[in-house]
Amino acid sequence: MSNSQPSPPRTWAEINLDALKHNLDVAKELSNQRVMAVLKAGAYGHDIKRIGLALDDCDLAFFGVASVIEARKLSIIGCTTRIYLLGPTLAVEREEIVSNRWTPCISSIAEAEHFDQLNQGNEPLLVHITVDTGMGRGGFLPSLLSEGLKKLLSYKNLYIEGIGSHLPSADEDREFTLSQFEIFSKAVTKVTEDNGHSFDYIHLSNSAGLLDYTSTVTNLVRPGLMLYGISPIVKYQAKLKPVLTLKSRISIIRNLPEGHSISYGRTTFLERDSRVATIGVGYGDGYPRSISHQNGEVWIRAKRCPILGRVTMDQIMVDVTDLTDAEDGDEVELFGKHILATEVAEKAATIPWEIFTRITPRVTKIYF
Ligand SMILES: *Cc1c(COP(=O)(O)O)cnc(C)c1O
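Bear in mind that the values here come from a model prediction, so they are computed numbers and not experimental data.

About the criteria used
Residues numbered from 1 in each chain as written. Predicted model: local features only at pLDDT ≥ 70, side-chain atom pairs only at ≥ 80, totals over all residues. Heavy atoms only, no water. Near = heavy atom within 4 Å. Polar contact = N/O pair within 3.5 Å; in protein donor to acceptor, adjacent residues only side chain to side chain. Areas by Shrake-Rupley, 256 points an atom, 1.4 Å probe, with all protein chains shown as cover. Nonpolar A, V, L, I, M, F, W, Y, C, P; charged D, E, K, R; others polar. Phe/Tyr/Trp six-rings, centres within 6.5 Å; stacked < 30°, edge-to-face > 60°. Helix = DSSP H or I, 4+ residues; strand = E, 2+ residues; numbered from the N terminus. Buried < 20%, exposed > 50% of the residue type's maximum accessible area, 1.4 Å probe, protein only. Lys NZ or Arg CZ within 6 Å of the ring centre and 35° of its normal. Domains from an automatic or database assignment. Buried area = accessible area lost by both parts, 1.4 Å probe. Salt bridge = Lys/Arg side-chain N within 4 Å of Asp/Glu carboxyl O. Contact = heavy atoms within 4.5 Å. Axes fitted to C-alpha atoms, helices over the stretch in contact; angles between N-to-C directions. Parallel < 35°, antiparallel > 145°, perpendicular 65-115°, else oblique. Left-handed = near helix turned anticlockwise from the far one by under 90°. Arc of directions from axis to C-beta.

Here's the deal with the site of the ligand
So, point 1. Near the ligand, the surroundings consist of 13 residues, among which Lys40, Tyr44, Ser207, Gly224 and Leu225 are the closest.
So, point 2. Arg222 has a polar side-chain atom sitting 2.9 Å from a nitrogen atom of the ligand.
So, point 3. Calculation on the ligand without its partners gives an accessible area of 390 Å², and the protein chains cover 93% of this total.
So, point 4. For the shell around the ligand, the per-class residue count stands at six nonpolar, four polar and three charged.

Some remarks on the packing of aromatic side chains
So, point 1. Evaluated as defined, the whole model comprises five aromatic pairs.
So, point 2. Between the aromatic rings of Phe62 and Tyr84, the centroid separation amounts to 5.7 Å while the plane-to-plane angle is 65 degrees, which identifies the pairing as edge-to-face. Residue Phe62 is located in strand E3 (residues 62-65), and its partner Tyr84 is located in strand E4 (residues 83-85); the two are separated by 22 residues in the primary sequence.
So, point 3. Tyr84 gets classed as buried once you look at its relative accessible area, which sits at 3%.
So, point 4. For Phe62, a relative accessible area of 0% gives the class buried.
So, point 5. Counting every residue linked through ring pairs, the aromatic cluster contains Phe62, Tyr84 and Tyr201.
So, point 6. The ring of Tyr367 has Arg50 lying over it, and the distance from NZ or CZ to the ring centre is 4.1 Å.
So, point 7. Lying across the ring of Tyr213, Arg174 places its NZ or CZ 4.4 Å from the centre.

Points about the domain arrangement of the protein
Many descriptions give the size of an interface as the accessible area lost when the pieces come together.
So, point 1. For the protein, the domain assignment lists domain 1 (17-230) and domain 2 (244-367).
So, point 2. Distance from the C-alpha centre of domain 1 to the C-alpha centre of domain 2: 38 Å.
So, point 3. When domain 1 packs against domain 2, close to 1,000 Å² is buried across both sides, 73% of that on carbon and sulfur atoms.
So, point 4. Viewed at the interface, domain 2 and domain 1 are joined by zero salt bridges.
So, point 5. Taken together, the links from domain 1 to domain 2 amount to one residue pair in polar contact (both at pLDDT 80 or more).
So, point 6. The leading source of residues in the side of domain 1 that touches domain 2 is helix H2 (residues 40-45), at three residues.
So, point 7. Its residues assigned to classes, the side of domain 1 that touches domain 2 shows five nonpolar, two polar and three charged.

Comments concerning the environment of Thr267
So, point 1. Structurally, Thr267 can be placed in the loop between strand E11 (261-262) and strand E12 (268-269).
So, point 2. Look at Thr267 and you get partly exposed, because its relative accessible area is 36%.
So, point 3. When the C-alpha positions of Thr267 and Val92 are compared, they lie 50 Å apart, and in sequence the two are 175 residues distant.
So, point 4. With near-sequence residues (within four places) excluded, Thr267 lies in contact with Ile262, His293, Gly309 and Arg310.
So, point 5. Side-chain polar atoms of Thr267 contact the side chain of His293, separated by 2.6 Å.

Focus: the packing of helix H1 (residues 17-31) against helix H3 (residues 48-55)
The relative placement of two packed helices is expressed as an angle between their axes plus a distance between the axes.
So, point 1. Two elements in contact, H1 and H3, have axes whose closest approach is 11 Å; the angle formed by their N-to-C orientations is 60 degrees. Judged by the angle between their axes, H1 and H3 are oblique. Viewed along their axes, H1 and H3 form a crossing whose handedness is right-handed. Across from Leu17, Leu20, Lys21 and Leu24 in H1, the residues of H3 making contact are Ile51, Ala54 and Leu55.
So, point 2. Looking at side-chain class alone, the contact of H1 with H3 contains six nonpolar, no polar and one charged residues.

A few points about helix H4 (residues 68-76)
So, point 1. Residues of H4 that are buried include every one of Val68, Glu70, Ala71 and Leu74, and no others. Seen along its axis, H4 keeps its buried residues to an arc of 160 degrees; they face one direction.
So, point 2. Packing partners of the buried residues in H4 comprise H2, H3, E3, E4 and helix H5 (94-100).
So, point 3. Following H4 by one or two positions, Gly78 has its phi on the positive side, about 85 degrees.

Dropping the structure here:
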């Protein structure tokens with residue numbers, strides 16, 4: 001290694017923490033409920049530690065994570081916000097959960113019994129009970145809920161602090177989602193009456209549920225995607241500010257003749273003499289290869305420019321013929337404020353959640 005300064009990154013993600021806080025404020029105002037900020041999958045690719053630190057003093061009820069690895073990352077850096085595990089846990093993970101006082105959600109008697117045993121001699125462990133109202137991923141069926149809670153309440157080393165369920169199609173199916181709110185609300189009322197136990201936290205909504213529905217029974221919401229500035233429902237997008245912008249640079253601009261082929265498979269031939277920009281980003285950075293030939297565009301000098309041919313691992317080619325002032329080194333937005341992750345997702349036949357979580361470690365993240 002020479003002593004020269006390292007060069008700046010070729011492809012990077014700019015992460016705007018003010019936008020993150022703006023989106024959280026929107027979630028608080030719209031729901032008027034306590035918030036569990038969902039930070040799973042590395043805070044949707046935004047870096048769990050940085051996002052955890054940024055939100056730790058924002059009066060959140062919980063950070064929601066998928067796994068103990070994620071919970072550990074937040075604990076290690078000293079986050080004081082309580083940590084909630086969003087799905088069923090493995091038996092081998094439970095000792096760590098108990099000793100860190102993380103909050104699991106319970107889907108079965110067996111899990112509860114194990115947590116009860118592991119927590120002997122300690123203050124009761126705060127846990128939530130999960131109801132399966134249609135997600136099919138975990139929880140007690142509503143018909144078995146009262147019996148389940150009765151058993152859970154018999155464990156002296158547990159305290160059943162909350163009850164939750166999850167919405168599988170709040171951004172797609174209004175009728176079904178309304179029925180879920182109804183079923184959940186009835187289930188909560190009934191289980192409370194049957195067992196004489198009331199819950200501190202009652203929660204159902206993800207981002208789409210929070211944005212598009214109201215509930216009188218819940219007092220906690222669990223937004224994920226919307227915190228990162230993308231609305232799962234288009235009509236609410238204007239309320240939010242995208243937090244992450246994926247950027248790269250033009251490495252070179254070349255003049256190529258009509259008929260010249262572009263990229264692997266030679267699936268594209270230039271229809272005119274063109275200026276073709278080669279940009280230093282590809283699927284190796286998480287930019288989706290499946291956007292090839294789907295009219296994908298990038299943002300250069302405040303203009304949209306079409307992608308030519310297939311996305312390669314490290315580079316893409318873009319038509320800048322009409323952008324006469326484009327130069328080598330120019331900044332390129334792949335997605336962010338001007339081209340929403342939603343648009344890239346649609347063209348790549350996936351969802352914005354996946355566009356964020358597939359950003360690879362090669363991409364440097366810059367926070368401001
Ligand atoms: C991921 C997740 C959320 C957040 O979902 P978004 O659609 O990103 O808001 C909420 N609750 C649970 C149980 C989840 O798994």
